[in-house]
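Here is what each chain is made of, one letter per residue.
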Amino acid sequence: MLYVDEHKICRNYEKDGRPTMEYKRASKGEHIESVFTENKIVFMLEGLLSVVCGNFDDCLKKGHMLVVPGGTPYVVDVLEKASYIICRIKNNLHLCEEFSLEKLFHEDDLPGTELSP
């Protein structure tokens, strides 16, 4: 980047320490417990994670993604060295006027709709 200072004054430069997109790595054997403070989408790049998050209790591996609403507690055990991208959704997203992204987490909120993999 040629003009770092110019980039830092741009209104799109994130200064709050919570970037919209963040690359993370985790070592085998790590145990992580916390609460998602904002809506997130986790994209698995490699490895294997055991995740308990809300009604989700399964493993995430390469190619999988997980949509998680803010305020959700989670427990992660790293079964194989992993890398993943966290995409923070800092504003409410709406797929249309009547359906918000947060509702994807609650299958029961979808009247007459069956979700399939």
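For the structure, check the block above.
The text that follows walks through the structure, step by step, so that each part is easy to find. (Residues numbered from 1 in each chain as written. Predicted model: local features only at pLDDT ≥ 70, side-chain atom pairs only at ≥ 80, totals over all residues. Heavy atoms only, no water.)

## Focus on the overall build of the protein
Phase 1: Counting secondary structure elements, the protein contains one helix and eight strands.
Phase 2: Listing the helices and strands of the protein from first to last along the sequence gives α-β-β-β-β-β-β-β-β.
Phase 3: Sorting the 117 residues of the protein into buried and exposed places 29% on the buried side.
Phase 4: Sequence separation of at least 24 residues holds for 70% of the intrachain contacts in the protein that already meet a minimum separation of 6.
Phase 5: Total accessible area computed for the protein in this model is approximately 8500 Å², and 52% of it derives from carbon and sulfur atoms. (Helix = DSSP H or I, 4+ residues; strand = E, 2+ residues; numbered from the N terminus. Buried < 20%, exposed > 50% of the residue type's maximum accessible area, 1.4 Å probe, protein only. Contact = heavy atoms within 4.5 Å. Areas by Shrake-Rupley, 256 points an atom, 1.4 Å probe, with all protein chains shown as cover.)

## Some remarks on the nonpolar core
Phase 1: Met-44, Leu-49, Val-51, Cys-53 and Tyr-84 are the most contacted members of the largest nonpolar core, which has 16 residues in total.
Phase 2: Of all elements in the fold, only strand E3 (39-53), strand E5 (65-68) and strand E6 (73-89) reach the threshold of two or more residues within this core.
Phase 3: Sort the elements by how many residues they give to this core and E6 lands first, with six residues. (Core = buried A, V, L, I, M, F, W, Y, C linked by side-chain atoms within 4.5 Å.)

## Some thoughts on the pattern of salt bridges
Phase 1: Scanning the model with the defined rule gives three salt bridges in all.
Phase 2: For Lys-24, the salt bridge goes to Glu-22, with nearest N and O atoms at 3.8 Å.
Phase 3: Salt bridges linked by common partners bring Glu-22, Lys-24, Glu-38 and Arg-88 together as one network. (Salt bridge = Lys/Arg side-chain N within 4 Å of Asp/Glu carboxyl O.)

## Here we look at the side chain of Arg-88
Phase 1: Checked against the element boundaries, Arg-88 lands in strand E6.
Phase 2: In this view, Arg-88 contacts Arg-18, Pro-19, Thr-20, Glu-22, Glu-38, Asn-39 and Lys-40; residues no more than four positions away in its chain are not counted.

## Here we look at the pairing of E3
Phase 1: Pairing geometry for E3 and E6, over 13 bridges, is antiparallel. Following the sheet pairing, Asn-39 is matched in E6 by Ile-89.
Phase 2: Across four bridges, E3 lies against E5 in antiparallel orientation. The partner of Val-42 across the bridge, within E5, is Leu-66.
Phase 3: Note that E3 and strand E4 (residues 56-61) share six bridges and pair antiparallel. (Pairing = 2+ DSSP bridges.)

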